[in-house]
Amino acid sequence: QVQLVESGGGLVQAGGSLRLSCAASGRTFSIYAMGWFRQVPGKEREFVAGITRSGGSSYYADSVKGRFTISRDNAKNTVYLQMNSLKPEDTAVYYCAADHLGPGWGRTPREYEYWGQGTQVTVSS
């Protein structure tokens, strides 16, 4: 089992940047593929970005491609989401998630077994 704790959310103006962090504790971090999702009230949780266990490959939702970058540091048990050129529509609670059992390319919430508590990102216009 792994515990995930997100940090780095906050209020930023449109066009600004934020970097989210997700610190993992528990089992060996490198056995988990990691993902970032976001959710606004009344909507389903939405895939944002994912990264493979080694960190060698990453993949993104079309809505954030070219603006967001996911990375991981297995020595620090941490995954990051660098968010640039933020837009008001990026406002959401952002969650990190860990996938132990799957192939590591998950884009749906059901493919991830462990979740953090979320961190709020608010982008003002």
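First, a word on what this report is: a plain description of the structure on this page. (Residues numbered from 1 in each chain as written. Predicted model: local features only at pLDDT ≥ 70, side-chain atom pairs only at ≥ 80, totals over all residues. Heavy atoms only, no water.)

**What to know about the environment of Ile 51**
What counts is decided by this rule: A run of H or I in DSSP becomes a helix once it reaches four residues, and a run of E becomes a strand once it reaches two; helices and strands are each numbered from the N terminus. Here the term buried applies to any residue with accessible area under 20% of the maximum for its type, exposed to any over 50%, and partly exposed to those in between, with areas from a 1.4 Å probe on protein chains only. Any two residues whose heavy atoms approach within 4.5 Å at even a single point are treated as in contact.
Within the secondary structure layout, Ile 51 lies in strand β5 (residues 46–51). Judged by its relative accessible area of 2%, Ile 51 is buried. Along the chain, Ile 51 and Thr 28 lie 23 residues apart, while their C-alpha atoms are 16 Å from each other. Leave out the neighbours within four places in its chain, and Ile 51 touches Ala 33, Met 34, Ser 57, Ser 58, Tyr 59, Ile 70, Ser 71, Arg 72 and Val 79.

**Overview of the nonpolar core**
The condition that has to hold: For the purposes of this section, nonpolar cores are sets of buried Ala, Val, Leu, Ile, Met, Phe, Trp, Tyr and Cys residues that join through side-chain atoms within 4.5 Å.
In terms of nonpolar packing, the biggest core is built from 34 residues, with Met 34, Trp 36, Leu 81, Met 83 and Tyr 94 touching the most fellow members. When residues of this core are assigned to their parent elements, the largest contribution, 5 residues, is made by strand β9 (residues 92–99). With near-sequence residues (within four places) excluded, Tyr 94 lies in contact with Glu 6, Leu 20, Trp 36, Phe 37, Arg 38, Val 48, Phe 68, Leu 81, Met 83, Gly 118, Thr 119 and Val 121.

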